Amino acid sequence: MGLVVQKFGGSSLKDAENVMEAARKAVRAKHAGDQVIVVVSAQGSTTDDLIAKAAEISAAPDAREMDVLLATGEQISIALTAMAIQELGEKAVSLTGPQIGVVTDRTHRKARIRSIDTRRLKDALDAGNIVVVAGFQGHDELGDISTLGRGGSDTTAVAVAAALKLAGLEVECEIYTDVDGVYTTDPRLVPDARKMDAISYDEMLEMASMGAGVMHSRSIEFAKKFDVPLMVRNSRSDAVGTWIMPEAEWMREFPACGVALATDEARVVLDGVPDVPGVSHRVFAALAGANLAVDMIAQSAGGGGKATIGFTVPGVELDRTRRVLQPLATELGATFRETGKVSKVSVVGAGMRTVAGVAERMFAALAAEGVNMKMITTGDIKISVLIEEDGSGDPPPEAVPGEKIKQAHLDARKAVLGRKALRAVHRAFALADARKGAGVPAAGEFRHKPAPAVVPGERDREAAVARLGGMEDVLVSSVHLNTDQSRVTIFDLPDLPGNCSRVFSAVATGGVLVDMIVQNLTAHGRAELSFTVPAADLTRALKRTQDVVRGIDPACRVSGDADIAVLFVLGVGMRTHTGVARTMFGALAERGINISMINTSEVCVSVVVERSRGEEALACLREAFRIG
Ligand code: ADP
Ligand code: ASP
Ligand code: MG
């Protein structure tokens with residue numbers, strides 16, 4: 001007998017009929033011989049409605065009180081779902097997050113799980129119940145109610161599965177939602193998006209953290225860390241959905257598996273920052289200290305000993321970011337700037353590590369649509385570009401009578417240029433076409449079967465409980481140094497659509513594999529574009545860049561730098577655990593090692609330093625992250 005954790009999202013619990021349907025699925029799994037836990041979200045748009053109610057009272061409601069309010073949505077769902085199961089003749093019991101001992105930190109509205117006490121859950125299961133658990137909520141050490149951030153019920157579901165796996169049960173987690181699985185992009189925005197049969201944990205983690213709202217990114221961290229088999233599927237059918245699983249060989253054949261759009265970010269620029277070691281540390285340590293997760297970071301050397309640092313933060317955190325950074329900017333003699341509404345489009349794929357020309361293909365597609373890129377950053381398996389919206393958003397769409405459109409979709413519809421870019425990139429990588437893992441069988445099964453669970457002995461049980469104590473701690477698995485890379489930098493590139501595309505097309509035609517890319521916009525409408533290439537290709541890449549740039553604007557300067565080292569810190573949850581960047585930049589700053597390029601993603605943070613300090617930087621990062 002195994003344990004199935006079934007999670008039903010808000011759209012799958014809209015009304016009584018939906019609740020009965022979810023109950024039927026749970027009862028069916030129980031009759032098939034498994035123990036069953038059902039994790040539920042708030043019904044339909046309840047959470048959006050509760051947020052709107054609070055806004056009628058206060059423009060900036062207290063986070064603790066918001067958690068008390070928002071947690072009520074899930075509480076309605078557990079009671080109704082338990083009643084529905086009982087109505088079908090099965091035993092069921094509903095439990096809130098605090099009742100099952102989900103202990104979190106005290107960051108209201110985006111709390112992280114510290115531990116889950118599995119005793120109550122196991123007792124209720126062993127008594128023959130289908131256990132119905134409220135997603136999205138827990139309590140802090142004072143007993144105050146906390147919530148995990150929008151979409152957080154997915155994280156509850158996978159965390160509960162992980163906790164019970166550590167207790168020795170054979171678990172599987174099913175995420176029931178309103179689409180058939182994970183698609184190559186949001187099927188509501190790109191109708192020819194294709195459903196995938198399987199996607200790797202890392203790809204899903206990047207997709208989710210770059211805006212694919214189908215899964216809460218932190219749930220994927222748990223699934224990967226604790227090796228939980230996970231499937232996203234449709235609550236209104238029995239169709240097989242998408243397995244989220246460890247990376248398989250065939251996944252590396254494709255440069256891209258999906259594209260994501262995020263419309264809820266804001267861009268911040270610090271101009272005139274002194275270009276000396278330790279400054280980026282001060283900036284990012286201040287942000288991390290306030291628990292602000294920074295996404296795209298582009299730092300340009302500028303001139304006259306001054307640098308420009310650009311980055312994005314979640315739109316809802318812009319006010320806090322300003323409050324944290326304004327005094328520091330003044331102290332550093334820098335200017336704090338915010339830009340208008342932006343959209344971020346990211347392409348993700350495990351094959352990107354080895355397939356050349358991915359950036360070029362993406363930029364060419366955007367150039368062909370006349371879409372200008374304000375910022376570019378890359379990760380190990382993703383490339384993100386930032387696009388400034390011109391404010392010509394659609395009028396609010398007419399809702400289907402009786403149906404409320406999710407706030408996230410309303411926001412996405414207003415991002416006219418972002419959607420246009422999303423469609424163009426989806427087309428450029430032919431993602432609507434069938435391929436292995438998306439309509440065509442691949443070697444091996446898609447289904448993920450981890451090693452069988454071991455019933456822990458007394459000592460193992462203690463170790464398991466200790467692991468549960470740091471469930472959501474960041475996992476930094478390795479640090480690497482690459483001294484085989486060189487860098488090309490273009491200064492003063494006119495900020496016009498197509499210019500980046502021309503550069504990368506010239507470089508790609510030479511067969512050069514571009515790795516890190518950072519593009520930032522300086523104050524006067526000119527871009528600084530840096531990218532790394534294999535050291536052996538520097539001369540070729542430089543020559544091609546110089547030739548193409550001369551044709552764009554003879555005023556642009558191009559320089560090559562063979563004197564660099566790239567350091568990669570790999571793990572999961574690297575970006576959203578704000579402590580990673582702080583530890584990394586702090587350790588380097590302490591040694592006076594200057595960082596000249598930074599890229600962040602959920603699975604990798606990379607920095608460029610002087611080659612002569614590479615080994616020293618590697619040793620100090622290994623020490624900082626306690627990696628042997
Ligand atoms: P739930 O209420 O079940 O939690 P969500 O709204 O959180 O549902 O997630 C499902 C929605 O995610 C879909 O309706 C779809 O519009 C959106 N979505 C965004 N990106 C993707 C993607 N790559 N694949 C599938 N759905 C996606
Ligand atoms: N009800 C919460 C939300 O709407 C949590 C969830 O749906 O996962 O964000
Ligand atoms: Mg969701």
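Note that the coordinates shown come from a computational prediction; the quantities given were computed from them, not determined experimentally. (Residues numbered from 1 in each chain as written. Chains lettered and ligands numbered in written order. Predicted model: local features only at pLDDT ≥ 70, side-chain atom pairs only at ≥ 80, totals over all residues. Heavy atoms only, no water.)

(A) Up close: the overall build of the protein chain. Check the secondary structure of the protein chain and you find 17 helices and 30 strands. Taken against the 2.2 N^0.38 rule, which gives 25 Å for 628 residues, the C-alpha radius of gyration of the protein chain at 24 Å falls within 12% of a compact globule. Of all 628 residues assigned to the protein chain, the portion counted as buried reaches 58%. For the protein chain, contacts bridging at least 24 residues in sequence account for 78% of all contacts bridging at least 6. (Helix = DSSP H or I, 4+ residues; strand = E, 2+ residues; numbered from the N terminus. Rg over C-alpha atoms; globule rule 2.2 N^0.38 Å. Buried < 20%, exposed > 50% of the residue type's maximum accessible area, 1.4 Å probe, protein only. Contact = heavy atoms within 4.5 Å.)

(B) Here's a closer look at the site of ligand 2. Near ligand 2 the following residues occur: Ser41, Ala42, Thr47, Glu74, Phe136, Arg150, Gly151, Gly152 and Ser153. A distance of 2.8 Å separates a nitrogen atom of ligand 2 from a polar side-chain atom of Thr47. One of the backbone N or O atoms of Ser153 is found 3.0 Å from an oxygen atom in ligand 2. Within the complex, 87% of the 260 Å² of free accessible area of ligand 2 lies under protein. (Near = heavy atom within 4 Å. Polar contact = N/O pair within 3.5 Å; in protein donor to acceptor, adjacent residues only side chain to side chain. Areas by Shrake-Rupley, 256 points an atom, 1.4 Å probe, with all protein chains shown as cover.)

(C) The arrangement of helix α8 (residues 279-289) in detail. Along α8, the residues that are buried comprise Val279, Ser280, Val283, Phe284, Ala285, Leu287 and Ala288. Elements that come into contact with the buried residues of α8 comprise β14 (265-274), β15 (297-300), β16 (306-314), α9 (318-332), α16 (579-590) and β29 (597-600). Looking one or two residues past α8, Asn291 carries a phi angle of roughly 60°, positive in sign.

(D) Examining the nonpolar core more closely. Core analysis: the biggest nonpolar cluster contains 69 residues, and Ile37, Cys173, Met204, Val228, Leu230, Ile244 and Met471 have the highest contact counts within it. Counting residues per element, this core draws most heavily on helix α5 (residues 153-166), at 9 residues. Beyond its immediate stretch of four places on either side in the chain, Leu230 contacts Val158, Cys173, Ile175, Met215, Ile220, Ala223, Thr242, Trp243 and Ile244. In this structure, Val190, Met362, Met373 and Ile376 belong to the second largest nonpolar core, which totals 49 residues. (Core = buried A, V, L, I, M, F, W, Y, C linked by side-chain atoms within 4.5 Å.)

(E) Summary view of the pattern of salt bridges. What the rule picks out here adds up to 39 salt bridges. Across the salt bridge formed by Arg64 and Asp144, the nearest N and O atoms sit 3.2 Å from each other. Of this pair, Arg64 sits in helix α3 (residues 63-87) while Asp144 sits in the loop between β7 (137-139) and β8 (145-147); the two residues are 80 residues apart in sequence, bridging distant segments of the chain. With its nearest N and O atoms 3.2 Å apart, the salt bridge here joins Asp319 to Arg322. (Salt bridge = Lys/Arg side-chain N within 4 Å of Asp/Glu carboxyl O.)

(F) Looking closely at the UniProt feature "domain: ACT" (unreviewed entry) in the protein chain. According to UniProt, the "domain: ACT" (unreviewed entry) feature falls on residues 268-350, 488-566 and 569-628. Secondary structure across residues 569-628 comprises 38% helix and 25% strand; the distance between its end C-alpha atoms is 14 Å. (UniProt positions renumbered as here; feature names shortened; annotations may be inferred.)

(G) Expanded view of the site of ligand 1. Neighbouring ligand 1 are 21 residues; Thr177, Asp178, Asp186, Arg188 and Lys406 lie closest to it. Asp186 is positioned with one of its side-chain polar atoms (N or O) 2.7 Å from an oxygen atom of ligand 1. Gly213 places a polar main-chain atom, nitrogen or oxygen, 3.4 Å from an oxygen atom of ligand 1. Relative to its unbound accessible area of 570 Å², ligand 1 is 89% covered by the protein chains. Class assignment for the residues of the shell around ligand 1 results in 8 nonpolar, 8 polar and 5 charged. (Nonpolar A, V, L, I, M, F, W, Y, C, P; charged D, E, K, R; others polar.)

(H) Region of the structure containing a nonpolar patch on the surface. Nonpolar side chains collect at one region of the surface, where Ile76, Leu80 and Met83 lie side by side and expose about 260 Å² of accessible area between them. Structurally, Ile76 is set in helix α3. (Patch = residues over 30% accessible without salt bridge, like charges linked within 9 Å, V, L, I, M, F, W, Y side chains within 5 Å.)

(I) Spatial organisation of the pairing of β14. Burial of β14 is extensive: 8 of the 10 residues sit out of reach of the surface. Pairing analysis gives 8 bridges linking β14 to β16, with the strands arranged antiparallel. Paired with Val273 across the strands is Ala307, a residue of β16. Two strands pair when backbone bridges link them, and β14 and strand β17 (residues 335-338) are joined in this way by 4 bridges, in the antiparallel orientation. Note that in β17 the partner of Asp271 across the bridge is Thr335. (Pairing = 2+ DSSP bridges.)

(J) Just the sheet that holds strand β25 (residues 517-521), in detail. Reading across the sheet, the 8 strands line up as β13-β18-β20-β19-β25-β26-β24-β27 and stay open at both edges, with antiparallel pairing between neighbours. Lying at the two open borders of the sheet, with one neighbouring strand each, are β13 (258-262) and β27 (557-561). Each strand of the sheet is rotated relative to its neighbour by a mean of 15°, with strand direction disregarded. Both strand β24 (residues 485-494) and β27 contribute to a ladder of 5 bridges, which runs antiparallel. Considered in β27, the bridge of Thr489 is made with Ser559. Sitting on the sheet, helix α6 (residues 201-209) touches β13, β18 (342-348) and β20 (382-388), and the angle it makes with β18 is about 170°. Lying on the sheet, helix α14 (residues 499-509) is in contact with β19 (375-378), β24, β25 and β26 (526-534); it crosses β26 at an angle near 20°. (Axes fitted to C-alpha atoms, helices over the stretch in contact; angles between N-to-C directions.)

(K) Representation of the packing of aromatic side chains. Taken as a whole and judged by the stated rule, the model has 6 aromatic pairs. With centroids separated by 6.1 Å and ring planes inclined at 20°, the aromatic side chains of Phe222 and Phe226 adopt a geometry described as stacked. Of this pair, Phe222 and Phe226 both sit in helix α7 (residues 217-226), 4 residues apart, which is roughly one turn of that helix. Per residue, the accessibility class of Phe222 equals that of Phe226, and both read buried. Members of the aromatic cluster, joined through ring pairs, are Phe284, Phe311 and Phe585. Sitting above the plane of the Phe254 ring, Arg435 keeps its charged end 4.9 Å from the centroid. (Phe/Tyr/Trp six-rings, centres within 6.5 Å; stacked < 30°, edge-to-face > 60°. Lys NZ or Arg CZ within 6 Å of the ring centre and 35° of its normal.)

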